[in-house]
Amino acid sequence: MEKLEQLYEGKAKKVYRTDDENAYIVSYKDDATAFNGLKKGTISGKGVVNNRMSNYLMQKLEAEAGIPTHYIKELSERETLVKKVEIVPLEVIVRNIAAGSFSKRFGVAEGTPLLIPTIEFCYKSDELGDPMVNDYHIIACGWSTREELDTITDYTFRINDYLKGFFAERGVELVDFKIEFGRDAANGGKVILADEISPDTCRFWDAKTHEKLDKDRFRREMGGVEEAYEEMMRRVFGDNK
Ligand code: UDP
């Protein structure tokens, strides 16, 4: 597998073309941003944690929950071979416990358990600040079809069920998370899980102490950011990292 030119550089990852037209290499950086790029910084070692954790979770989701993903092969501690997809321009957010923008928008205290898991869609647009949209907006604007959205919704709740259990066994509450899907170019545009699942994109709270073990420590200037990412690595992999 040969790494060719860089196609794209995002806030946390770079994407490279390869000699396989159906595969890309993603490279995870230590750069961190928050509040739509307003706050910038570095979290040392973050790229390694996010790469390894995301790959592990995607493999588990494929094998144990039947979710198709973009994961192909981990190439190094920061680089992974993934299927080439066209990203569906939606951030799909699932919430089990009120926090962040949900608490702010609806006036529900952070930490309030939700009576059912909820799903939200945001249209991916930095200029617009990722506005929340409903299924009618999405279909009306052509961002995805009803069929794709039904598949995305079904996969998303299955992913939540699986991950909630996975993290509960490790003493971690899965408060909320964001995922993205792509259309698998080599497979008729079939919808598959893409992007990443990591402390950048999930809220993780220690089940006993409710200590935050995710990017909120960076967003809210709480300190102990690197330590929280390392702790999540230990919770996921145990001592055999
Ligand atoms: N999230 C994300 N990227 C975004 C926005 C949110 O990964 O651009 C994740 C975030 O880490 C959290 C969940 O989605 O786990 C819900 O985030 P929320 O809507 O509460 O927004 P925030 O408070 O992070 O701005």
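The structure displayed is predicted, hence computed values, not measured ones. All residue numbers refer to position in the chain's written sequence, counted from 1. Note on the predicted model: pLDDT of at least 70 is required for a residue's local features to be given, and 80 or more for side-chain atom pairs to be given and counted; whole-chain, interface and lining totals, by contrast, use all residues. Processing note: side-chain calculations cover all non-hydrogen atoms of the structure and skip hydrogens and water entirely.

All right, on to the pattern of salt bridges then. Between Lys or Arg on one side and Asp or Glu on the other, a salt bridge is scored when a side-chain nitrogen of the former is within 4 Å of a carboxyl oxygen of the latter. Enumeration over the complete set of coordinates arrives at 32 salt bridges. One salt bridge connects Arg220 with Asp216, and the closest N-O pair in it is separated by 3.5 Å. Residue exposure (1.4 Å probe, protein chains only): buried if accessible area is under 20% of the type maximum, exposed if over 50%, otherwise partly exposed. Using a relative accessible area of 0% as the deciding quantity, one classes Asp216 as buried.

If you trace the backbone, Leu4 turns up in strand β1 (residues 3-9). A relative accessible area of 28% places Leu4 in the partly exposed class. Counting along the chain gives 95 residues from Leu4 to Ala99, while the straight-line C-alpha distance between them is 41 Å. By definition, residues are in contact when any of their heavy atoms lie within 4.5 Å. Setting aside chain neighbours within four positions, we find Leu4 in contact with Tyr16, Arg17, Thr18 and Asp19. Secondary structure counts use DSSP, requiring at least four H or I residues in a row for a helix and at least two E residues in a row for a strand, with both numbered from the N terminus.

On to the sheet that holds strand β7 (residues 79-83). Hydrogen bonding along the main chain pairs the strands of a sheet, whether they run parallel or antiparallel. Any two strands with at least two DSSP bridges between them are considered paired. Spatially, 5 strands are ordered β1-β2-β3-β7-β6 in an open sheet, and the strand pairing comes out antiparallel. The open sheet terminates on both sides in strands that have one partner only, identified here as β1 and β6 (71-74). Adjacent strand axes in the sheet meet at a mean angle of 30 degrees, parallel and antiparallel pairs treated alike. Bridge analysis of strand β2 (residues 13-18) against strand β3 (residues 23-28) gives 5 bridges, and the strand direction is antiparallel. If you follow Lys13 over to β3, its bridge partner there is Tyr28. For helices, the axis comes from a line fit to the C-alpha atoms of the stretch in contact; other axes are also lines fit to C-alpha atoms, and the angle between any two N-to-C directions lies between 0 and 180 degrees.

Before going further, it helps to examine the site of the ligand. Around the ligand, the structure places 15 residues, and the nearest of them are Arg95, Ser101, Asp176, Arg203 and Arg219. In this structure, an oxygen atom belonging to the ligand sits 2.6 Å away from a side-chain N or O atom of Ser101. Under the rule applied, a polar contact is a pair of N or O atoms within 3.5 Å (in protein, one hydrogen donor and one hydrogen acceptor; residues adjacent in sequence only if both atoms are side-chain atoms). Here an oxygen atom of the ligand and a backbone polar atom of Thr201 are 3.5 Å apart. Protein coverage of the free-state accessible area of the ligand, which is 500 Å², stands at 78%. Three residue categories are used. Nonpolar comprises Ala, Val, Leu, Ile, Met, Phe, Trp, Tyr, Cys and Pro, charged comprises Asp, Glu, Lys and Arg, and polar comprises the others, including Gly. Taken together, the residues of the shell around the ligand break down into 4 nonpolar, 3 polar and 8 charged. We call a residue near a molecule or strand whenever a single non-hydrogen atom of that residue lies within 4 Å of it. What sets the accessible areas is the Shrake-Rupley method with a 1.4 Å probe; for residues, cover comes only from the shown protein chains.

Bridging between strand β9 (residues 90-97) and strand β10 (residues 113-123) involves 7 bridges; their strand directions are antiparallel. Among the inter-strand pairings, Arg95 is bridged to a residue of β10, identified as Thr118. Taken together, the 2 bridges between β10 and strand β11 (residues 132-133) define a ladder with antiparallel strand orientation. By the bridge assignment, Phe121 is partnered in β11 with Val133.

Below, the discussion takes up the nonpolar core. Buried Ala, Val, Leu, Ile, Met, Phe, Trp, Tyr and Cys residues form a nonpolar core when they are joined through side-chain atoms within 4.5 Å. Leu61, Ile159, Leu163, Phe167, Phe181, Leu193 and Phe204 are the most contacted members of the largest nonpolar core, which has 47 residues in total. A per-element tally of this core places helix α4 (residues 146-168) first, with 8 residues. Beyond its immediate chain neighbours, meaning those up to four positions away, Leu163 contacts Leu57, Leu61, Leu174 and Ile197. The next biggest cluster of nonpolar side chains, apart from the first, holds 5 residues, and it includes Val15, Val26, Tyr28 and Val82.

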